[in-house]
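Here's the letter readout for the chains.
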2 protein chains.
Amino acid sequence: MTGRYLEEFAPGQKFASGQLRVDRERIKSFAAEFDPQPFHLDEEAARGSVFKGLAASGWHIAAMTMRLLVESELKPVGGIVGVGFDEFRWPNPARPDDALHLDIEVLEVRPSKSRPDQGVIKVRTTTVNQNGESVQVSVGNLIVRRRLASTA
Amino acid sequence: MTGRYLEEFAPGQKFASGQLRVDRERIKSFAAEFDPQPFHLDEEAARGSVFKGLAASGWHIAAMTMRLLVESELKPVGGIVGVGFDEFRWPNPARPDDALHLDIEVLEVRPSKSRPDQGVIKVRTTTVNQNGESVQVSVGNLIVRRRLASTA
């Protein structure tokens, strides 16, 4: 199995991601299934809303962010398994044709007290558009296996 | 426009939702697009993972939760517009054929200091399966319009 064990993560590490484009029709179809509100479904209704134009559902942004994170250079052994977030917000809307990428930074690395075979890394993931504006900021805690345990 | 203004929300209010069933094939297709990791894509690989069986992506749970929330009795005027979360976690996995519903509770109601026409309500949304287990817990802040401003 490839990827980084807990011992290979350290605070201050930064990782890059690829890029995903926000598709206008996918904004609408995602919203139709999961977030059926006028400002995510219809251009005309969206203009008169708080978003002042068609905007992706926050959950669509979150899902696209996950796709970029899974394919990023972060690569913990065993995959990206989140236990929860310390912070999670959408500072700006994501629009049709936005090109999104991630800035990923490791903030903390902590071995588990109760589980000697694993630990937790705290990671800030910022989803950024082509103008450098943040459309999602999260600080999440991921479970990562320890190398020690796997060679014991 | 129908729905509740800020003045019609109060701490302690509880709201119900409908129910959504977690579809096995949708777990896999959602994951293929947004969270392509073996434990969300393949039964066999999932059995050997930390999830010990096929589990929905957390973002799929979040998206299903949003669908239930939009169609719930909460109904703020202007729609459900979240600015961020104080808490967000997945205590248990969601499995194929789970039937999910929400327990929704208003925790706080605050008029905005800078915007007399709106305020924020803090809402705890717990996504619960057919066995009463929580698969997602969030405490989020939603923007809601004030009635005062709209009649001024």
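Refer to the structure presented above.
Residues numbered from 1 in each chain as written. Chains lettered and ligands numbered in written order. Predicted model: local features only at pLDDT ≥ 70, side-chain atom pairs only at ≥ 80, totals over all residues. Heavy atoms only, no water.

Q: Looking at this model, I keep getting lost on the relation of the copies chain B and chain A. Mind explaining?
A: At an RMSD of 0.0 Å, chain B and chain A line up after a rotation of 180° and a shift of 0.0 Å along the axis. Taken together, the turn and the small shift mark the pair as related by a two-fold rotation axis. Of all interface residues in chain B, 100% are interface residues in chain A too; the two copies therefore contact each other through one and the same surface. (Least-squares fit on C-alpha atoms with pLDDT ≥ 70 in both. Contact = heavy atoms within 4.5 Å.)

Q: Just checking my understanding: could you explain the interface of chain B and chain A for this structure?
A: Interface extent is often summarised as the accessible area lost during association of the parts. On the side of chain A, 31 residues touch chain B, which itself brings 31 residues to the contact. Of the roughly 2,700 Å² buried at the junction of chain B and chain A (both faces included), carbon and sulfur atoms supply 64%. Here chain B and chain A share two salt bridges between them. Taken together, the links from chain B to chain A amount to twelve residue pairs in polar contact (both at pLDDT 80 or more). When contributions to the side of chain B that touches chain A are tallied by element, the ones reaching two or more residues are α1 (24-34), α4 (58-70) and β2 (82-89) of chain B. Here the side of chain B that touches chain A takes eight residues from α4(B), the largest share from any one element. By residue class, the composition of the side of chain B that touches chain A is 19 nonpolar, six polar and six charged. Pairing analysis gives four bridges linking strand β2 (residues 82-89) of chain A to β2(B), with the strands arranged antiparallel. Residue pairing in the sheet places A:F85 in a bridge with B:F88 of β2(B). (Buried area = accessible area lost by both parts, 1.4 Å probe. Salt bridge = Lys/Arg side-chain N within 4 Å of Asp/Glu carboxyl O. Polar contact = N/O pair within 3.5 Å; in protein donor to acceptor, adjacent residues only side chain to side chain. Helix = DSSP H or I, 4+ residues; strand = E, 2+ residues; numbered from the N terminus. Nonpolar A, V, L, I, M, F, W, Y, C, P; charged D, E, K, R; others polar. Pairing = 2+ DSSP bridges.)

Q: Help me understand the sheet that holds strand β5 (residues 134-145) of chain A in this model?
A: Two modes of strand pairing occur in sheets, parallel and antiparallel, and in both the strands are linked by backbone hydrogen bonds. Across the sheet, ten strands lie side by side as β1(A)-β3(A)-β4(A)-β5(A)-β2(A)-β2(B)-β5(B)-β4(B)-β3(B)-β1(B); this open sheet has antiparallel pairing. Pairing within the sheet leaves two strands with one partner each, and these edge strands are β1 (14-21) of chain A together with β1 (14-21) of chain B. Averaged over neighbouring strand pairs, the angle between their axes works out to 25° when direction is ignored. Sheet topology note: the strand β3 (residues 99-111) of chain A/strand β4 (residues 118-128) of chain A ladder contains ten bridges and is antiparallel. Paired with A:P111 across the two strands is A:G119, which belongs to β4(A). (Axes fitted to C-alpha atoms, helices over the stretch in contact; angles between N-to-C directions.)

Q: Got a minute to help me understand the packing of helix α1 (residues 24-34) of chain A against α1(B) in this structure?
A: The description of two packed helices rests on the angle between their axes and on the distance between the axes. Remark: α1(A) packs on α1(B), axes separated minimally by 15 Å, with the N-to-C direction vectors making an angle of 150°. With respect to α1(B), the axis of α1(A) lies roughly antiparallel. The hand of the α1(A)/α1(B) crossing is left-handed. Across from A:R26, A:F30, A:E33 and A:F34 in α1(A), the residues of α1(B) making contact are B:R26, B:F30, B:E33 and B:F34. Here the contact of α1(A) with α1(B) is built from residues that sort into four nonpolar, no polar and four charged. (Parallel < 35°, antiparallel > 145°, perpendicular 65-115°, else oblique. Left-handed = near helix turned anticlockwise from the far one by under 90°.)

Q: Just checking my understanding: could you explain α1(A) for this structure?
A: Two residues of an α-helix separated by three or four positions point the same way, owing to the 3.6 residues in each turn. Taken together, the buried positions of α1(A) are occupied by A:R26, A:I27, A:K28, A:F30, A:A31 and A:F34. Packing partners of the buried residues in α1(A) comprise α2 (38-41), α3 (43-47) and α4 (58-70) of chain A together with α1 and α4 of chain B. Measuring from the side-chain oxygen of the N-cap residue of α1(A) to the backbone nitrogen of A:E25 gives 3.1 Å; that N-cap residue is A:D23. (Buried < 20%, exposed > 50% of the residue type's maximum accessible area, 1.4 Å probe, protein only.)

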